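# Analysis of the macromolecular model
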Amino acid sequence: MTTVMAAGAALAAAAAPVMAHAAEPVRFASDVFVERFQPAGNGRTARVLERADRLRAGDRVVFVVNWKAQQGREFTVTNPMPRTVSFQGTAQGDEEVSVDGGRSWGQLGDLAVREADGRLRRATPEDVTHLRWRVPGAIAALGAGQMTYRGIVR
């Protein structure tokens, strides 16, 4: 079994949001959690989120990006996917993704990846390099919010 010794803070830094196109300053705070399942009695299983101190290949991680804005103006949040993590999805489902390092954007099902032999194939979650959310003024006016996304350590 291969062990990936990445502190949660290092992984959070690797996936720290990069703000783009904001009229007013927006502050961000990121956290990374490992999702574990444990017996909860009566044959049930409980989902537990723990701060990511050490990660191993196959660990399911949850990234949480909290934002605070002082003005109710729309803004865009762009997050790189750490190379050691395979994208699995978001809680909101309103994100755009990039599979080419942030050069082009769209919904995952609409994107394609060119293979080494020149053929195009439909992009998969493992191809995602960046995530982007557009926060409309009505949501920004709330002053704070959160985006979450999931991945699996490669």
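As a starting point, this report considers the structure included with it. (Residues numbered from 1 in each chain as written. Predicted model: local features only at pLDDT ≥ 70, side-chain atom pairs only at ≥ 80, totals over all residues. Heavy atoms only, no water.)

With that settled, consider the sheet that holds strand E13 (residues 144-153). An order of E4-E3-E6-E13-E8 is seen for the five strands of this open sheet, with the pairing classed as antiparallel. Here the strands that pair on one side only, and so sit at the sheet edges, are strand E4 (44-51) and strand E8 (85-90). Between one strand axis and the next, the sheet turns through 35° on average, direction left out of account. As defined by bridge partners, strand E6 (residues 60-69) adjoins E13 across nine bridges and the pair is classed as antiparallel. From the neighbouring strand, Arg-60 faces E13, where its bridge partner is Ile-152. (Pairing = 2+ DSSP bridges. Helix = DSSP H or I, 4+ residues; strand = E, 2+ residues; numbered from the N terminus. Axes fitted to C-alpha atoms, helices over the stretch in contact; angles between N-to-C directions.)

Our next topic: the environment of Ala-52. By the element assignment, Ala-52 lies in the loop between E4 and strand E5 (55-56). Along the sequence, Ala-52 and Asp-31 sit 21 residues apart, while their C-alpha atoms lie 8.6 Å from each other.

In the sheet, E8 pairs with E13 via five bridges, with the strands oriented antiparallel. Among the inter-strand pairings, Ser-86 is bridged to a residue of E13, identified as Ile-152.

Moving on, we come to the pattern of salt bridges. Summed over all chains, the structure comprises eleven salt bridges. With a closest N to O distance of 2.3 Å, Arg-121 and Glu-115 form a salt bridge. For Arg-121, a relative accessible area of 28% gives the class partly exposed. For Asp-117, the salt bridge identified is with Arg-119, shortest N-O distance 3.0 Å. A relative accessible area of 53% places Asp-117 in the exposed class. (Salt bridge = Lys/Arg side-chain N within 4 Å of Asp/Glu carboxyl O. Buried < 20%, exposed > 50% of the residue type's maximum accessible area, 1.4 Å probe, protein only.)

Two measures describe an aromatic ring pair: the distance that separates the ring centres and the angle between the ring planes. Counted by the stated rule, this structure contains three aromatic pairs. Ring centres 4.7 Å apart and planes at 10° place the aromatic pair Phe-63 and Tyr-149 in the stacked group. With Phe-63 in strand E6 and Tyr-149 in strand E13, this residue pair connects regions lying 86 residues apart in the sequence. When the centroid spacing of 5.0 Å and the interplanar angle of 75° are considered together, the rings of Trp-67 and Phe-75 count as edge-to-face. The pair Trp-67 / Phe-75 is uniform in exposure class, with both members buried. Counting every residue linked through ring pairs, the aromatic cluster contains Phe-63, Trp-133 and Tyr-149. (Phe/Tyr/Trp six-rings, centres within 6.5 Å; stacked < 30°, edge-to-face > 60°.)

This part covers the nonpolar core. By size, the foremost hydrophobic cluster in this structure holds 28 residues, and its most contacted members are Val-61, Phe-75, Leu-131 and Tyr-149. Among the secondary structure elements, those contributing two or more residues to this core are strand E3 (26-41), E6, strand E7 (75-80), E8, strand E12 (130-135) and E13. Top element by residues in this core is E6. It accounts for five residues. Not counting residues within four places of it along the chain, the set of residues in contact with Val-61 comprises Val-32, Phe-33, Val-34, Leu-55, Val-85, Tyr-149, Arg-150, Gly-151 and Val-153. (Core = buried A, V, L, I, M, F, W, Y, C linked by side-chain atoms within 4.5 Å. Contact = heavy atoms within 4.5 Å.)

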